[in-house]
Amino acid sequence: MSKNNIAVNVEDLSKIYRLGLKEQTSEHFAEMLWSFVRSPVKNFRKYRSLYTFDDVDLAGDTAAGEQSDSILWALKGVSFSVKQGEVVGIIGGNGAGKSTLLKILSRITPPTRGSISIHGRVSSLLEVGTGFHPELTGRENVFLNGTILGMRRKEVTRKFDEIVAFSDVEKFLDTPVKRYSSGMRVRLAFAVAAHLEPEILIVDEVLAVGDAAFQQKCMNKMQDVGQEGRTVLFVSHNMPAVTSLCDRVIWLDHGQKVTEGPAQEIVGKYLLEGVDTTAHRVWKDSSSAPAGEFARLREVRVVKKGGDVTGHYCIQEPVGIEMEYEVLKGGEVMLPHFRIRNDNGILVFVTLDHDPEWYQRPRPAGRYISTVWIPGNLLNEGPHFVECNLITRHPEAPQFHEVDVVSFAITGNMEPGTARGDWPGRLKGIVSPALEWETQYRKE
Ligand SMILES: Nc1ncnc2c1ncn2[C@@H]1O[C@H](COP(=O)(O)OP(=O)(O)O)[C@@H](O)[C@H]1O
Ligand SMILES: [Mg+2]
């Protein structure tokens, strides 16, 4: 990788916030008096300590995101680099440090430790209305932002109509921005950030504001910016937007980088966070394997077409679930089956083995692998859990019954042919089938 095609390089970046100490309440008069006497010294110490970090062990191993002695590591030891023209998503829960990272990259706040280097003109959209002067009109703010980005008046004038058309605030162009609704502000801010030809576009959660049509417009615009070879760094909680837009994803948690990699894989891992089952379970020791008189479970796997074991699937991809088991005593008719639940514990469906070769046929002793294929475009986005069962028929006797034995995550995207299509919001529901629609039109 040649050094000159790196757009953003972040090395060992940390940011500490010193939280104001909470005032202690006194229960007794004497205590109150004592604290009054002490307070000037204490307040001075508090004031000083809000701005200095001499007492913080910067190289130490205080866990990131943890508060110790009113110190909060909003970011701790984060490193990554982004190539020119890459569209990179940054994901993570609330308080993960995403906004702090974007603020440091936009030079709004300095890092406590570590370094960043940025090659290219940055335009960022961090919070609704940042970068706007409230007393200036929409028109004046567009020019102000252009100047800040180092553009000539002529260049801004050339882009002006596009910005106005995109933001849909034409009627309010000569109104001070402080009179704008938050929706109008974010529309104008996005239009400015995206159209003033930045080399690096940094966007924080813009899709959380605004209606579906606006979200769609932003997505398309960011896609264009990426395709024009410019760099985009994009924070969002909207996972389908992230997987559709981004080549690569960086996952932050409590100020630290958990992992980074291809968008769909990392989003899938993020969705399965805290889920302590995996895509593959094996019982190596037969004595501890779930078993009945006639059958014993040995392995359960979630597989892609072709056989690769993985827990991450695009919504249009088929998911294979395999159980590998031994028939201990021959002569019984067996019925392997799975139950699939979603992350709310709702049973999505039950599927029974109807393989014609074995249906109602007694099975000889030996080792079997039974696989079921869940078609693409059926399950909705999110984590899913598998219950693996096998019973004998005539009489019906359970052999094994393992709840949440394996899990997998379905990630959405905005490809044509999915239930969502280009709709950016989440589609509720237990399933998300891509169904055929027909419309008849009659001119009256
Ligand atoms: N100005 C600040 N002062 C003190 N703590 C802050 C400040 N800004 C952010 N934090 C804290 O830093 C952590 C990371 O915040 P943030 O970067 O906003 O996370 P995210 O955008 O991922 O939700 C949070 O615990 C937050 O409370
Ligand atoms: Mg944030």
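Check the entry above for the structure.
Since this is a predicted model, take the numbers as computed values, not measurements.

A.B. asks: Hey, could you run me through the sheet that holds strand 14 (residues 319-327) in this one?
C.D. replies: Remark on secondary structure: sheet strands pair via backbone hydrogen bonds, oriented parallel or antiparallel. Strands sit in the order 11-12-14-17 across an open sheet of four strands; the sheet is antiparallel. Both edges of this open sheet fall to strand 11 (280-282) and strand 17 (366-374), since each of them pairs with a single strand only. When the angles between neighbouring strand axes are averaged without regard to direction, this sheet yields 20°. Pairing between strand 11 and strand 12 (residues 295-303): three bridges, direction antiparallel. Bridge pairing in strand 12 places His-280 opposite Arg-301.

A.B. asks: Sorry, what's going on with the side chain of Arg-298 here?
C.D. replies: Mapped onto the fold, Arg-298 is located in strand 12. A relative accessible area of 10% places Arg-298 in the buried class. Only 3.0 Å separates the side chain of Arg-298 from the side chain of Glu-326, close enough to count as a polar contact. Apart from residues lying up to four places away in sequence, Arg-298 is in contact with Arg-281, Val-282, Trp-283, Lys-284, Asp-285, Ser-286, Ala-289, Glu-324, Tyr-325, Glu-326 and Arg-367.

A.B. asks: I'm lost on helix 4 (residues 153-167) in this one. Help?
C.D. replies: An α-helix turns once every 3.6 residues. As a result, residues three or four positions apart point the same way. An ideal rise of 1.5 Å per residue puts 21 Å on 15 residues; helix 4 measures up with 20 Å between its terminal C-alpha atoms. The largest bend along helix 4 measures about 40° and falls at Lys-159. Contact partners of the buried residues in helix 4: helix 3 (138-148), helix 5 (182-195) and helix 6 (212-227). Remark: Asp-168 follows helix 4 within two positions and exhibits a positive phi of approximately 65°.

A.B. asks: What is the right way to look at the site of ligand 1 in this model?
C.D. replies: Residues in contact with ligand 1, as listed here, are Tyr-17, Leu-19, Leu-72, Ala-74, Gly-93, Asn-94, Gly-95, Ala-96, Gly-97, Lys-98, Ser-99 and Thr-100. Contact between ligand 1 and Gly-95: an oxygen atom at 2.7 Å from a main-chain N or O atom of the residue. The separation between an oxygen atom of ligand 1 and a polar side-chain atom of Lys-98 is 2.8 Å. Burial of ligand 1 by the protein chains amounts to 63% of its free accessible area of 560 Å². Where the shell around ligand 1 is concerned, the elements lending two or more residues are strand 3 (71-83) and helix 2 (98-105). Looking at the shell around ligand 1 element by element, the count peaks at three residues for helix 2. For the shell around ligand 1, the class distribution of residues is five nonpolar, six polar and one charged.

A.B. asks: I'm lost on the pattern of salt bridges in this one. Help?
C.D. replies: Any two side chains of opposite charge can pair, given that their charged atoms come close. Scanning the model with the defined rule gives 22 salt bridges in all. We note a salt bridge from Arg-248 to Glu-86, for which the minimum N-O separation is 2.7 Å. Taken as a pair, Arg-248 in strand 9 (residues 248-253) and Glu-86 in the loop between strand 3 and strand 4 (87-91) lie far apart in primary sequence, 162 residues in all. One exposure class covers both Arg-248 and Glu-86, and it is buried. Notably, a salt bridge pairs Asp-174 with Arg-139, separated by 2.9 Å at the nearest N-O pair. Residue Asp-174 is located in the loop between helix 4 and helix 5, and its partner Arg-139 is located in helix 3; the two are separated by 35 residues in the primary sequence. Connected through salt bridges with shared partners, the residues Glu-299, Arg-301, Glu-322, Glu-324 and Arg-367 form a single ionic network.

A.B. asks: I would appreciate a short explanation of a nonpolar patch on the surface in the present structure.
C.D. replies: Together, Ile-346, Ile-430 and Val-431 give the surface a local cluster of nonpolar side chains, amounting to about 200 Å² of exposed area. By the element assignment, Ile-430 lies in the segment after strand 19 (397-411).

A.B. asks: Just to check I follow, could you spell out the sheet that holds strand 19 for this structure?
C.D. replies: Strands sit in the order 13-19-18-15-16 across an open sheet of five strands; the sheet is mixed. A single partner strand is all that each edge strand has here, and the edge strands are strand 13 (312-314) and strand 16 (347-352). Neighbouring strand axes in the sheet, compared pairwise and without regard to direction, differ in orientation by 30° on average. Pairing analysis gives 10 bridges linking strand 18 (residues 382-392) to strand 19, with the strands arranged antiparallel. Considered in strand 19, the bridge of Leu-390 is made with Phe-400. Sitting on the sheet, helix 8 (residues 263-271) touches strand 13, strand 18 and strand 19, and the angle it makes with strand 19 is about 130°.

A.B. asks: When you look at the packing of helix 4 against helix 5 in this model, what are you seeing that I'm missing?
C.D. replies: Where helix 4 meets helix 5, the closest approach of the two axes is 8 Å, and the angle between their N-to-C directions is 145°. For the element pair helix 4 and helix 5, the recorded crossing hand is right-handed. Judged by residue contacts, Lys-159, Glu-162, Ile-163, Phe-166 and Ser-167 of helix 4 engage Arg-187, Leu-188, Phe-190, Ala-191, Val-192 and His-195 from helix 5. In the contact of helix 4 with helix 5, the residues fall into six nonpolar, two polar and three charged.

A.B. asks: What should I look at first to understand the packing of aromatic side chains in this one?
C.D. replies: A ring pair, where both rings are aromatic, is described by two values, the distance of the centres and the angle of the planes. Within this structure, the stated rule accounts for seven aromatic pairs. Summarising the aromatic geometry, the rings of Trp-358 and Tyr-368 are spaced 5.5 Å apart at their centres and angled 80° between planes, so their arrangement reads as edge-to-face. Within this pair, whereas Trp-358 is found in the loop between strand 16 and strand 17, its partner Tyr-368 is found in strand 17, the two being separated by 10 residues in sequence. Both residues of the pair, Trp-358 and Tyr-368, count as buried. Cluster of aromatic residues (ring-pair linked, three or more members): Tyr-325, Trp-358, Tyr-368 and Phe-400. The ring of Trp-73 is capped by Lys-76, whose NZ or CZ atom sits 4.4 Å from the centre of that ring. Above the plane of the ring of Trp-373 lies Lys-305, whose end atom (NZ or CZ) is 3.9 Å from the centre.

Rules used in this analysis
- Residues numbered from 1 in each chain as written.
- Chains lettered and ligands numbered in written order.
- Predicted model: local features only at pLDDT ≥ 70, side-chain atom pairs only at ≥ 80, totals over all residues.
- Heavy atoms only, no water.
- Pairing = 2+ DSSP bridges.
- Helix = DSSP H or I, 4+ residues; strand = E, 2+ residues; numbered from the N terminus.
- Axes fitted to C-alpha atoms, helices over the stretch in contact; angles between N-to-C directions.
- Buried < 20%, exposed > 50% of the residue type's maximum accessible area, 1.4 Å probe, protein only.
- Polar contact = N/O pair within 3.5 Å; in protein donor to acceptor, adjacent residues only side chain to side chain.
- Contact = heavy atoms within 4.5 Å.
- Expected span 1.5 Å × (residues − 1).
- Bend = angle between axes of the 7 residues up to and from the residue.
- Near = heavy atom within 4 Å.
- Areas by Shrake-Rupley, 256 points an atom, 1.4 Å probe, with all protein chains shown as cover.
- Nonpolar A, V, L, I, M, F, W, Y, C, P; charged D, E, K, R; others polar.
- Salt bridge = Lys/Arg side-chain N within 4 Å of Asp/Glu carboxyl O.
- Patch = residues over 30% accessible without salt bridge, like charges linked within 9 Å, V, L, I, M, F, W, Y side chains within 5 Å.
- Left-handed = near helix turned anticlockwise from the far one by under 90°.
- Phe/Tyr/Trp six-rings, centres within 6.5 Å; stacked < 30°, edge-to-face > 60°.
- Lys NZ or Arg CZ within 6 Å of the ring centre and 35° of its normal.

Purely spatial values, then, with no claim about function.
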